[in-house]
Amino acid sequence: MESVVPVKDKKLLEVRLGELPSWILMWDFSPSGLDGAFQRGYYWYYNKYNNVKKGSISGFTIVLAGYMLSIYCLSYKELKHERLRKYH
């Protein structure tokens with residue numbers, strides 16, 4: 001027999017497509033709720049990539065790649081304009 005888990009306690013990959021809107025509406029969008037979400041994300045990242053016995057450079061590489069992607073996205077408009085110029 002399958003145990004019934006409330007929608008609020010499910011992870012994203014466990015939520016069915018029909019339950020997705022109600023699952024999103026159960027989030028806490030208050031400042032303390034958003035702060036808690038960022039803390040959980042930070043601790044998840046830290047424990048997965050930095051706080052390990054045999055660490056590697058992968059944690060730093062992910063942060064660096066995210067930084068580079070965000071800078072590229074912010075400056076895409078100027079880069080696109082520069083690409084379309086013709087020098088002759």
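Residues numbered from 1 in each chain as written. Predicted model: local features only at pLDDT ≥ 70, side-chain atom pairs only at ≥ 80, totals over all residues. Heavy atoms only, no water.

## Quick look at the overall build of the protein
Part 1 of the argument: Summing up its helical and strand segments, the protein has 4 helices and 0 strands in all.
Part 2 of the argument: Its helices and strands taken in sequence order, the protein reads α-α-α-α from the N to the C terminus.
Part 3 of the argument: Expressed as a percentage of its 88 residues, the buried residues of the protein come to 9%. (Helix = DSSP H or I, 4+ residues; strand = E, 2+ residues; numbered from the N terminus. Buried < 20%, exposed > 50% of the residue type's maximum accessible area, 1.4 Å probe, protein only.)

## A few points about the confidence of the model for the protein
Part 1 of the argument: For the protein, per-residue confidence averages 83 on the pLDDT scale, and 88% of positions sit at 70 or higher.
Part 2 of the argument: Element-level mean pLDDT values for the protein span from 75 in helix α4 (residues 76-83) up to 90 in helix α3 (residues 58-74). (pLDDT = per-residue confidence, 0-100.)

## Looking at the packing of aromatic side chains
Part 1 of the argument: Under the criterion given, the structure shown has 5 aromatic pairs.
Part 2 of the argument: Centroid distance Trp23 to Trp27: 5.3 Å. Interplanar angle 75 degrees. Geometry classified as edge-to-face.
Part 3 of the argument: Where Tyr42 meets Tyr46, the ring centres are 6.1 Å apart and the plane angle is 20 degrees; that geometry is what we call stacked. Of this pair, Tyr42 and Tyr46 both sit in helix α2 (residues 31-50), 4 residues apart, roughly one helical turn.
Part 4 of the argument: Tyr46 sits in the partly exposed class, given a relative accessible area of 33%.
Part 5 of the argument: The structure contains a cluster of three or more aromatic residues connected by ring pairs, namely Trp23, Trp27 and Phe29. (Phe/Tyr/Trp six-rings, centres within 6.5 Å; stacked < 30°, edge-to-face > 60°.)

## A word on the layout of surface pockets
The method is simple in principle: a probe with the dimensions of a water molecule rolls over the atoms, and the space it marks as empty is what remains.
Part 1 of the argument: Space inside the largest pocket adds up to approximately 210 Å³.
Part 2 of the argument: Taken together, Trp27, Asp28, Phe29, Gly33, Leu34, Ala37 and Arg40 make up the full set of residues lining the largest pocket. (1 Å grid on protein atoms, 1.4 Å probe; cavity = no way out; pocket = protein on both sides within 12 Å on 5 of 7 lines; lining within 4 Å. Points joined across faces, edges and corners; volume = space filled by probe spheres on them.)

## Concerning the pattern of salt bridges
Part 1 of the argument: Enumeration according to the criterion identifies 1 salt bridge in this entry.
Part 2 of the argument: Glu19 serves as the salt-bridge partner of Lys10, at 3.2 Å between the closest nitrogen and oxygen.
Part 3 of the argument: Using a relative accessible area of 22% as the deciding quantity, one classes Glu19 as partly exposed. (Salt bridge = Lys/Arg side-chain N within 4 Å of Asp/Glu carboxyl O.)

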